[in-house]
Amino acid sequence: MSGMEIEARNLATDTVLYKNSQTRKEKYFRLAGGFTGSGSGTWGNATGGANLVTSITNGSGSSTFKHGNTKLDLGNGEFLDAGVENVLEFTPTDFTDAPPNTWFELGNLNLLNGTTFYNSEAETVTLTLNIGLTDPVEAAVVHIDLGLISTDNSSDRLASADIVELRNPSTDFTLVIEGVTYRLELSWVTLDPGAGVVQGNQFLVFEGASAQAQLRARFVSDQ
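Conventions adopted
Residues numbered from 1 in each chain as written. Predicted model: local features only at pLDDT ≥ 70, side-chain atom pairs only at ≥ 80, totals over all residues. Heavy atoms only, no water. Phe/Tyr/Trp six-rings, centres within 6.5 Å; stacked < 30°, edge-to-face > 60°. Helix = DSSP H or I, 4+ residues; strand = E, 2+ residues; numbered from the N terminus. Buried < 20%, exposed > 50% of the residue type's maximum accessible area, 1.4 Å probe, protein only. Salt bridge = Lys/Arg side-chain N within 4 Å of Asp/Glu carboxyl O. Pairing = 2+ DSSP bridges. Axes fitted to C-alpha atoms, helices over the stretch in contact; angles between N-to-C directions. Contact = heavy atoms within 4.5 Å. Core = buried A, V, L, I, M, F, W, Y, C linked by side-chain atoms within 4.5 Å.

**Some remarks on the packing of aromatic side chains**
This model, assessed by the stated rule, comprises seven aromatic pairs. For the ring pair Phe 117 and Tyr 118, a centre distance of 6.2 Å and an interplane angle of 50° mean the geometry is tilted. Measuring from ring centre to ring centre gives 6.0 Å for Trp 188 and Phe 203, while their planes differ by 40°; the resulting arrangement is tilted. Of this pair, Trp 188 sits in strand β15 (residues 180–190) while Phe 203 sits in strand β17 (residues 202–205); the two residues are 15 residues apart in sequence, bridging distant segments of the chain. When its relative accessible area of 6% is taken as the criterion, Trp 188 is described as buried. Here Phe 203 falls in the buried class, since its relative accessible area comes to 0%. Three or more aromatic residues link up through ring pairs in this structure, and these residues are Phe 35, Phe 95, Phe 104, Tyr 182 and Phe 219.

This is the structure we're talking about:
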């Protein structure tokens, strides 16, 4: 039984030569066998510069967030259009029997590092995941706060990379099963090392490139 308390001590058979030991008490908890479920992502709550431009398409499969103004004003009514804004596309992944405290794939994020002007880029955005757990049965809403860092372009490839940062890798979602509390934690794993790299909670994509990272998760127990 999860949460069972067990007491133990050594009793002396010869009380002249030996003493009874102190009593030790410990509680033992049973971890969940695994987690199974699926989800969908929704973009929202974007913030940014004074000239912020965004476009959102949410769906049951992939969901897309675009930000930034691609048009450079040349004067006299003429504009140079770079043609490609910054794009984030999230695609959720079903998971089956994911053990506690073990990383599993929650979805994939594709980032296109575009060309934008006039302080029109987003600085933060929230990816809300609606997760339906089927084992155990539970409906979860997970808010993932992302920081978006648009860098100036230079000859330094890494310094010119745009960044998506996990601001809350330890999320707001918890689940209690048989006395054990599980919190959902997140991290990145790069899937295109030639175009993007992961540094801690940051996913960096080189200028003009498109790269994909795995958003992985784990249910971390408090016992």
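Text resumes after the structure shown.
**Structural notes on the pattern of salt bridges**
Per the counting criterion, the structure on display carries two salt bridges. Among the salt bridges present, the one from Arg 167 reaches Glu 165, with a minimum N-O distance of 2.7 Å. Across the pair Arg 218 and Glu 185 runs a salt bridge whose closest N-O atoms are separated by 3.3 Å. You can see Arg 218 sitting in strand β18 (residues 210–221) and its partner Glu 185 sitting in strand β15, a full 33 residues away along the chain.

**Looking at the sheet that holds strand β16 (residues 196–199)**
On the basis of which strands lie adjacent, the open sheet formed by seven strands has the order β9-β3-β11-β12-β13-β17-β16 and antiparallel pairing. With one partner strand each, in any of the chains shown, β9 (95–98) and β16 form the two edges of the open sheet. With direction set aside, neighbouring strand axes in the sheet form an average angle of 30°. Both β16 and β17 contribute to a ladder of four bridges, which runs antiparallel.

**Considerations on the environment of Ile 163**
Along the chain, Ile 163 falls in strand β13 (residues 162–166). Taking the C-alpha atoms as reference, Ile 163 lies 5.8 Å from Leu 148; in sequence the two are 15 residues apart. Setting aside chain neighbours within four positions, we find Ile 163 in contact with Gly 147, Leu 148, Ile 149, Gln 202, Phe 203 and Leu 204.

**Some words on the nonpolar core**
Generally speaking, nonpolar side chains in soluble globular proteins are found buried as a group. Ranked by size, the top nonpolar core spans 46 residues in total, and within it Trp 43, Leu 106, Ile 131, Ile 144, Leu 146, Trp 188 and Phe 219 carry the most contacts. Sort the elements by how many residues they give to this core and strand β11 (residues 122–135) lands first, with six residues. Ignoring anything within four residues of it in the chain, the contact list for Ile 131 reads Ser 38, Gly 39, Phe 95, Leu 106, Glu 138, Ala 139, Ala 140, Val 142 and Leu 184.

**A look at the pairing of β13**
Of all the five residues making up β13, five are buried; the element is thus mostly covered by neighbouring parts of the structure. Of the two faces of β13, the one holding Asp 162, Val 164 and Leu 166 and the one holding Ile 163 and Glu 165 are both buried throughout. Judged from the four bridges that link them, strand β12 (residues 137–149) and β13 form a sheet pairing that is antiparallel. By the bridge assignment, Leu 146 is partnered in β13 with Leu 166.

**Let's talk about the sheet that holds strand β14 (residues 170–177)**
Ordered by their spatial adjacency, seven strands build an open sheet running β4-β5-β8-β10-β18-β15-β14, and the pairing between neighbours is antiparallel. With one partner strand each, in any of the chains shown, β4 (54–57) and β14 form the two edges of the open sheet. Within the sheet, the average angular offset between the axes of one strand and its neighbour, ignoring direction, is 20°. One ladder, built from eight bridges, connects strand β10 (residues 104–112) with β18; its direction is antiparallel.

**Things to note about unusual backbone geometry**
A cis amide bond, omega -5°, links Asp 135 with the succeeding residue Pro 136. Secondary-structure assignment places Pro 136 in the loop between β11 and β12. Its identity is not glycine, yet Asn 119 carries a phi of approximately 55°, on the positive side. Within the secondary structure, Asn 119 is located in the loop between β10 and β11. One non-glycine residue, Glu 178, adopts positive backbone phi at about 50°. Mapped onto the fold, Glu 178 is located in the loop between β14 and β15. A residue is classified by how much of its surface remains accessible, and Glu 178, at 41% relative accessible area, is partly exposed.

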